[in-house]
Amino acid sequence: MPPEIQGGPPVKKTNKTTGPLQLGAAPGKGGLAKLDPAPPPAKKARELTASEKALIEVGSKILATPPEEVDKAYQHAILCQVGFPRSKVDGTSFIRRSGSAWLHVQAGVLDEGEGRGPVMQPIPYGPLPRLALARISTYAVMNSTREIPIGESAAEFLRMMGMDRQGNRYRTLRKQMHALAACRLTVGGHGLTHHLGEPIETFSAWFADEEHVQRLLWPGVLILSEKFYSSLRESAVPLNLDALMALTGSALALDIYVWLAYRLHRVERQCLLHWASLRDQFGQEYKDPKNFKREFEKALRQALAVYPQARVKVVTGGLLLQASPPPVLLRTGHCPRPISANPHQ
C-alpha cells in the first residue's frame, strides 16, 4: 500500500463542489449533477526514431547475452577519461582535462609518399579514430602483440571495424588514421607528467590508387610503440563491442560510454557530479552551458541504452553515479589504473 495512504485519517464527505463530478450541488434539469468540461486530450507520445529503436535492440541483446559470451573490446584507461577532440581543431595541439588529470595531443608529421616528404597532419578527431584505436588496442590485448593486421584494403579494414562503405568514409578513414599515426600523447596530473609518445611506431602511408581513386592501398600491418603497448596492457578497460559499434554516430556518446565503463564499478555507493565538473571534462567544445547540458543528456541516453547495467540518474544540479557492474566482466585481479587521484572523476 502506498505510504501516503497507510495510516491516513478517515475521508470526510463534503458538499464542496470540487472534482469532475460536482456532488451535492443543485442538480440540473432531470436531476443530474453538472459536469466540469472534459480535460484536454493527452499529448501523443513521440515516436522513436530508427536510430533510437536500434539502440534499444542492442541494449536488449546485451542484457540477454551471458557475460562469458560477450564480444569484448578494449580501450586505454587514459582515453576513457580524457578523449580526443570531437570536432576539428585549429592548430597543432589539444588539451582535455578531467579534474587534475589532463591529456595533451600534439599533431605530427607523416610521409605520405609520392616524393612529398613529411606532411603535417591534423589532430585526430571524431568517432573514427576512437573506434579505430579501440579495434587496434583490442587486437593487441587479446593477442599479446604490438603488430596489428589492418587488412589489405580500406574496405577490409572498414569491415573489420563493422562499418559500411557509404559516402566519403574512405577519405575520412585515410585522413583520421594518418592523423592518429602521427600524433603524440602526453598525460599528467598532480605534478606528474608521463610521455606516452606516438601510439603507433611504424606505419606506411595509405595513398590513393591512381587507377581507382576511391580505393585506398593499405600496408596490411601497423606496429604499436613499446611504451604505448606496455601502458595499454596495464590499463586496458574492457568494453562491449556491440555497444561501441552502436554508438558509431556520436563521439560524445562514445566518450560517455567508455567513461562510465571505466568509472561506475569504482563507485563505492554513489557519487554526485555537478554540471560544472562535467562541463570541464566533456564540454570544452560548447561555449553555451545550456547547449552542453542538452547535448550531454541526449548522448547520455544513447550510452545508457547500450549499458543497461549502469545506474545513472540526471538529478538537480548534476549527475548521480551509483555503484554498477562493469559492462564486461573484468579479468581476475584486473582493475585499470586510474590517472586521477580525485575520487569524483
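Residues numbered from 1 in each chain as written. Predicted model: local features only at pLDDT ≥ 70, side-chain atom pairs only at ≥ 80, totals over all residues. Heavy atoms only, no water.

This part is about the pattern of salt bridges. In total, this model carries 10 salt bridges according to the counting rule given. The shortest N-O distance in the salt bridge between Glu201 and Arg146 comes to 3.4 Å. Here the residue Glu201 occupies a position in strand β9 (residues 200–202), and Arg146 occupies one in the loop between α3 (127–143) and β6 (147–153), the gap between them amounting to 55 residues. Judged by relative accessible area, Glu201 falls into the partly exposed class, the value being 45%. For Glu295, the salt bridge goes to Arg294, with nearest N and O atoms at 4.0 Å. Judged by its relative accessible area of 48%, Arg294 falls in the partly exposed class. Three or more residues joined by partner-sharing salt bridges are found here, namely Arg86, Arg96, Arg130, Asp255 and Glu285. (Salt bridge = Lys/Arg side-chain N within 4 Å of Asp/Glu carboxyl O. Helix = DSSP H or I, 4+ residues; strand = E, 2+ residues; numbered from the N terminus. Buried < 20%, exposed > 50% of the residue type's maximum accessible area, 1.4 Å probe, protein only.)

The next thing to look at is the sheet that holds strand β7 (residues 184–189). Two orientations exist for strands paired in a sheet by backbone hydrogen bonds: parallel and antiparallel. Spatial strand order, β2-β3-β7-β8: four strands in an open sheet with antiparallel pairing. Looking at the sheet topology across the chains shown, the edges are occupied by β2 (93–98) and β8 (192–197). Taken over all neighbouring pairs, the strand axes of this sheet differ in orientation by 15° on average, direction set aside. (Pairing = 2+ DSSP bridges. Axes fitted to C-alpha atoms, helices over the stretch in contact; angles between N-to-C directions.)

Quick look at the packing of aromatic side chains now. Within this structure, the stated rule accounts for seven aromatic pairs. One aromatic cluster in this structure is built from Trp259, Trp275, Phe282, Tyr286, Phe292 and Phe296. (Phe/Tyr/Trp six-rings, centres within 6.5 Å; stacked < 30°, edge-to-face > 60°.)

Moving on, we come to empty space enclosed by the protein. One simple way to see leftover space: roll a probe sized like a water molecule over the atoms. What the rule picks out here adds up to two cavities of 30 Å³ or more. Each pocket or cavity is described by its volume, and for the largest cavity that value is around 110 Å³. Lining the largest cavity are Gln75, Leu79, Gly83, Phe84, Arg130, Leu131, Ala134, Leu244, Leu254, Asp255 and Val258. Mapped by element, the contributors of at least two residues to the lining of the largest cavity are α3 and α8 (251–263). Here the lining of the largest cavity is built from residues that sort into seven nonpolar, two polar and two charged. The volume enclosed by the second largest cavity comes to roughly 60 Å³. Lining of the second largest cavity is provided by Leu79, Cys80, Gln81, Val82, Gly83, Arg86, Arg96, Asp255, Val258, Gln281 and Phe282. When residues of the lining of the second largest cavity are traced back to their parent elements, those giving at least two are α2 (77–81), α8 and α9 (275–282). Looking at the lining of the second largest cavity element by element, the count peaks at three residues for α2. Grouping the amino acids of the lining of the second largest cavity by side-chain chemistry returns five nonpolar, three polar and three charged. (1 Å grid on protein atoms, 1.4 Å probe; cavity = no way out; pocket = protein on both sides within 12 Å on 5 of 7 lines; lining within 4 Å. Points joined across faces, edges and corners; volume = space filled by probe spheres on them. Nonpolar A, V, L, I, M, F, W, Y, C, P; charged D, E, K, R; others polar.)

Looking now at the environment of Lys293. Along the chain, the position of Lys293 falls in helix α10 (residues 289–305). Put simply, Lys293 and Leu278 are 15 residues apart on the chain and 9.1 Å apart in space, counted from C-alpha to C-alpha. Of the polar contacts made by the side chain of Lys293, one reaches the side chain of Glu297; its length is 2.8 Å. (Polar contact = N/O pair within 3.5 Å; in protein donor to acceptor, adjacent residues only side chain to side chain.)

Strand order across the open sheet formed by three strands is β12-β14-β13, with antiparallel pairing between neighbours. Of all strands in the sheet, those with a lone pairing partner are β12 (270–274) and β13 (311–315), marking the two edges. Geometrically, the sheet is characterised by an average inter-axis angle of 20° between neighbouring strands, direction not taken into account. Of the pairings in the sheet, the one linking β12 to strand β14 (residues 318–322) comprises five bridges and is antiparallel in character. Each bridged residue has a counterpart across the sheet, and for Gln270 the counterpart in β14 is Gln322. Packing of α9 onto the sheet brings it into contact with β12, β13 and β14, and relative to β12 it is tilted by some 75°. Packed onto the sheet, α10 meets β13 and β14 and runs at close to 160° relative to β13. (Contact = heavy atoms within 4.5 Å.)

For the rest of this paragraph, the subject is the pairing of β7. Among the six residues of β7, five are classified as buried, and the element is accordingly described as predominantly covered. Relative to β7, strand β3 (residues 101–106) runs antiparallel, the two being bridged by five bridges. Residue pairing for β7: His104 is matched across the bridge by Thr186. Where β7 folds back onto β8 in an antiparallel hairpin, the turn is made up of two residues, including His190, whose phi is positive at roughly 55°.

This part covers the packing of α9 against α10. With their axes 11 Å apart at the nearest point, α9 and α10 run at an angle of 80° to one another. When the interaxial angle is binned, α9 and α10 end up roughly perpendicular. Two secondary-structure elements touch here, α9 through Trp275, Leu278, Arg279 and Phe282 and α10 through Pro289, Phe292, Lys293, Phe296 and Glu297. Residues belonging to the contact of α9 with α10 are distributed by class as follows: six nonpolar, no polar and three charged. (Parallel < 35°, antiparallel > 145°, perpendicular 65-115°, else oblique.)

Take the side chain of His76 next. Checked against the element boundaries, His76 lands in strand β1 (residues 72–76). What makes His76 buried here is its relative accessible area of 1%. Here the side chain of His76 touches Ile78 through a polar contact of 3.1 Å, landing on its backbone nitrogen.

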